[in-house]
Amino acid sequence: LAQDNFVAYTVSDFGWSSPMHSILRTPARHITRGRQARQSVDAFRHKSSFARCLPASGIALSRSHRFTRPFSTETHEFKAETKKLLDIVAKSLYTDKEVFIRELISNASDACEKLRFLQTTQQVKDVSDSERPLQVTLSVNESERKFVIEDSGIGMTHDELIEHLGTIAKSGSLDFLQRGESDASKIIGQFGVGFYSTFVVADKVEVYTKTADTEKGEKGYLWTSDGSGSFTITDCDDVPRGTKIELTLKDDATEFCKLATVKKAAQKFSSFIDFPIYVTEEGEPKPINKQEALWMKSSATEEQHLEFFRFLSGNSYGKPWYTLMYQTDAPLSIKSCFYIPDPDNAPSRMFTKDPEIGISLHSRRVMVKKHADGVIPKWLHWMKGIVDCEDMPMNISRESMQDTRLMEKLSMAVVRRILRFLQQEAKKDPEKYQKFFKGYSYFLKAGVIEDKEGNFSRHKDDLLKLLRFECSNKSKGELISLEEYIDMAKEGQQNIYYFTCPDRQTAMSSPYMEQFIQRQRNVILMFEDIDEFVVNAIEGFKDKEFVSVDSADKNFELDLDKPEEPENQDGRVLTEEEQTQMQKFIRDVLKEKVQEVKFSDRLVSSPAIVTSIITPHMRKMMKSLMAGKENDGLGNIPMTLELSPKHHIVTTLRTILKANEPVARIAVEQLYDNACIAAGTLDDPRVLMSRLNKAKGEYRISDSAEAAPKEEVKAEESKEANATSGSSGSSGSKFEEVKP
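Residues numbered from 1 in each chain as written. Predicted model: local features only at pLDDT ≥ 70, side-chain atom pairs only at ≥ 80, totals over all residues. Heavy atoms only, no water.

## What about the packing of aromatic side chains?
So, step 1. Tallied over the entire structure, the rule returns 27 aromatic pairs.
So, step 2. Ring geometry for Phe308 against Phe311: centres 6.3 Å apart, planes inclined by 10°, an arrangement best described as stacked. On the criterion of helical spacing, the pair formed by Phe308 and Phe311 is a turn pair, its members being three residues apart in helix H10 (residues 302–313).
So, step 3. Clustering of aromatic rings is evident, with ring pairs tying together Tyr322, Trp382, Phe421, Tyr433, Phe436, Phe437, Tyr440, Tyr442 and Phe443.
So, step 4. Against the face of Phe269 rests Arg102, its NZ or CZ located 5.8 Å from the ring centre.
So, step 5. Cation over ring: Lys244 sits above Tyr208, and NZ or CZ is 5.1 Å from the ring centre. (Phe/Tyr/Trp six-rings, centres within 6.5 Å; stacked < 30°, edge-to-face > 60°. Helix = DSSP H or I, 4+ residues; strand = E, 2+ residues; numbered from the N terminus. Lys NZ or Arg CZ within 6 Å of the ring centre and 35° of its normal.)

Written out as structure tokens, the structure is:
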């Protein structure tokens, strides 16, 4: 069996009319070994004298019976219909018509860069029109629907016109780079299709050009095409050095013969081109790219940063709070410059549903995306700056990147550098950083949540180091980091305790804080609504678990620092039997409001608190988020009422239960509502007033039925008033107000 792609035999042994001819032309992969091969041989052995010489077990040919040379092979080139290809380029390649201005300015810049390099290296010794400066000029003629761009760069010869403009996807700039004739960072073009973006907006394109190298010729040429698949080249006199492109615009692209439109597009895409760009306005050339590409420098002065920051912000005032220049060659070639505006000018969260990112993406000084989403996350949208990456694998229209993994690498490198820069600044000047944090804290906290949801928490550790909070053991307004909290924690403490509440005063007077204040154990105080979501997103920090002080059934590590037991003024503690009876009675009164009633040791000076599987603060936020819905589902989340068996209100409630059950029922509801007020979960506090009035009425009816003496009634009324109002002025009073 032959080992080549086809079974090979000497044709003269069979003749093309031989029955073997069909087998001769059969690919070897279609001739099987074994029985089928032997059957194939047996079928023709008797029809050829040569075949009879073959063994029955298969086909075995000597080297002399094979072709000594391969079959003839032809090579063909793909064909393309030029008109169709131009149509694809014009209508499908670019999403925005104005991109053609960017492409033409980039080509003009490359032409100037090539001439500058060739002059510097003495490869062009005699330059035509040597007095002309290297520059790019734009002009329009609205009445004739004309757009004109002219450069004083390298220009083209007759053959170069055919090679570069007559061949789609032929990049002269890329050839220039591959010959090692320039610094890659200064050449923009690479695909060879930018010029053809002109057919997006133009019915007719005219190119006047003359080479800068006098040794190659002194003649000028006019290249003309309407994009139908052909072009003409005509000798032309009085053409200056460089290239001038004149477009006759289509009816639906006449906005590009208006000076304001052209100027805006040129400034948008090409403000940082190395060569001056002028717009002819009222017969006078006016520069439009005065600002240099500061991020390409290794360093810059404070004045330069101030000017550049104001340029990026579009304002004539304001100073950057922080400035960062970041350049690296690994993992990608990145040059960037970032600014953080003054915290006093931090963006408002009101009416900013989808804010635009203030950092733009460039490649070799040419803007690719004005808002660099995909590189800069939304939670850093308030920063200003530019990221320039030479290694970006651009799509052919240079409007986006092709390689998602490289985009992720670029984003990872840039964001990590920004976050670590902020960490350095926080250590260098904590006071300055605290002011920054107060202005931008919400966005950093939102970053923790978004980073987990969309980025697998890749920046979690760096972000958490930037967070700052007040705490119970420091004075008001003083902020600490999570690392500082761990350093301040008691020996052996495994939890990070936090409390989400509206303000510091509410926090420090809350019954949930009593045991921590008594033990002088530090608690992080969180005042923003987003804080609860942040904690749920991070779960822990440096092997420490976050535990809310108002959570239920958590290990509060009470054995770490046992406090001295305060003396019980009443000397009264409910027995286990009394506690069981009270639990049953309270459950019967509150019904579905609570899932469980239990006695707890976590209370110090308050009679009761409510706890749940979600913290009271989270319940309150969920309530506001689902406001207006018929059933928010929060009523189905179980609540637990925790009572102190030592508190005199609770012990007195036991006494009242024996004497006057109706009043005891009202007192239980009042006790529960007071606990809800302390937790911030009571929907309508007005019910308390009607309940107090009802309690007084019930007490009077009960006293009248017993026909008590007038003096005793007054004493009981005074006693009841003290009990329900929470007054502790009398030694006989057993009730006091439960303060939230």
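So, next bit.
## Focus on the pairing of strand E6 (residues 242–249)
So, step 1. Burial analysis of E6 places seven of its eight residues in the buried class, which makes it a mostly covered element.
So, step 2. Note: strand E2 (residues 146–151) against E6, six bridges, orientation antiparallel. Bridging from a neighbouring strand, Asp151 pairs with Thr243 of E6. (Buried < 20%, exposed > 50% of the residue type's maximum accessible area, 1.4 Å probe, protein only. Pairing = 2+ DSSP bridges.)

## Considering the sheet that holds strand E20 (residues 608–612)
Working definition: the strands of a sheet are paired by backbone hydrogen bonds and lie parallel or antiparallel to each other.
So, step 1. The three strands are arranged E19-E21-E20 in an open sheet whose pairing can be described as mixed. Each edge of the sheet is formed by a strand with only one pairing partner; in this case those strands are strand E19 (596–599) and E20. Between one strand and the next, the sheet's axes are offset by a mean angle of 25°, whatever the strand orientation.
So, step 2. Judged from the five bridges that link them, E20 and strand E21 (residues 639–643) form a sheet pairing that is antiparallel. Paired with Ala608 across the two strands is Leu643, which belongs to E21.
So, step 3. Across the sheet, helix H18 (residues 576–590) lies against E19 and E21, angled at about 150° from E19, the strand it touches most. (Axes fitted to C-alpha atoms, helices over the stretch in contact; angles between N-to-C directions. Contact = heavy atoms within 4.5 Å.)

## Re the pattern of salt bridges
So, step 1. Applying the stated criterion across every chain, the model contains 32 salt bridges.
So, step 2. Among the ionic pairs, Asp561 bridges to Lys490, the shortest N-O distance being 2.9 Å. Separated by 71 residues along the polypeptide, Asp561 in the loop between strand E18 (544–548) and H18 and Lys490 in the loop between helix H14 (482–488) and strand E15 (495–500) bring together distant segments of the chain.
So, step 3. On the basis of relative accessibility, which here comes to 29%, the residue Lys490 falls in the partly exposed class.
So, step 4. Asp561 is the salt-bridge partner of Arg521, the closest N and O atoms lying 2.5 Å from each other. In this pair, Arg521 is assigned in the loop between helix H16 (514–518) and strand E16 (524–526) and Asp561 in the loop between E18 and H18, connecting sequence segments 40 residues apart. Judged on exposure class, the residue Arg521 and its partner Asp561 are both buried.
So, step 5. Here the salt bridges do not stand alone but share partners, grouping Glu113, Arg116, Asp274 and Arg365 into one network. (Salt bridge = Lys/Arg side-chain N within 4 Å of Asp/Glu carboxyl O.)

## Examining the sheet that holds strand E1 (residues 136–141)
So, step 1. In spatial order, the strands read E5-E4-E3-E6-E2-E1-E7-E8; together these eight strands make up an open sheet with mixed pairing. Among the strands making up the open sheet, the edge pair consists of strand E5 (232–236) and strand E8 (284–287). In this sheet, neighbouring strand axes are inclined to one another by 20° on average, regardless of whether the strands run parallel or antiparallel.
So, step 2. Looking at chain direction, E1 and strand E7 (residues 277–281) are connected through three bridges and run parallel. If you follow Leu138 over to E7, its bridge partner there is Val279.
So, step 3. Helix H6 (residues 99–120) rests against E1, E2, E6 and E7 of the sheet, and its axis sits at about 20° to E2.
So, step 4. Across the sheet, helix H9 (residues 259–270) touches E1, E2 and E7, and the angle it forms with E7 is around 170°.

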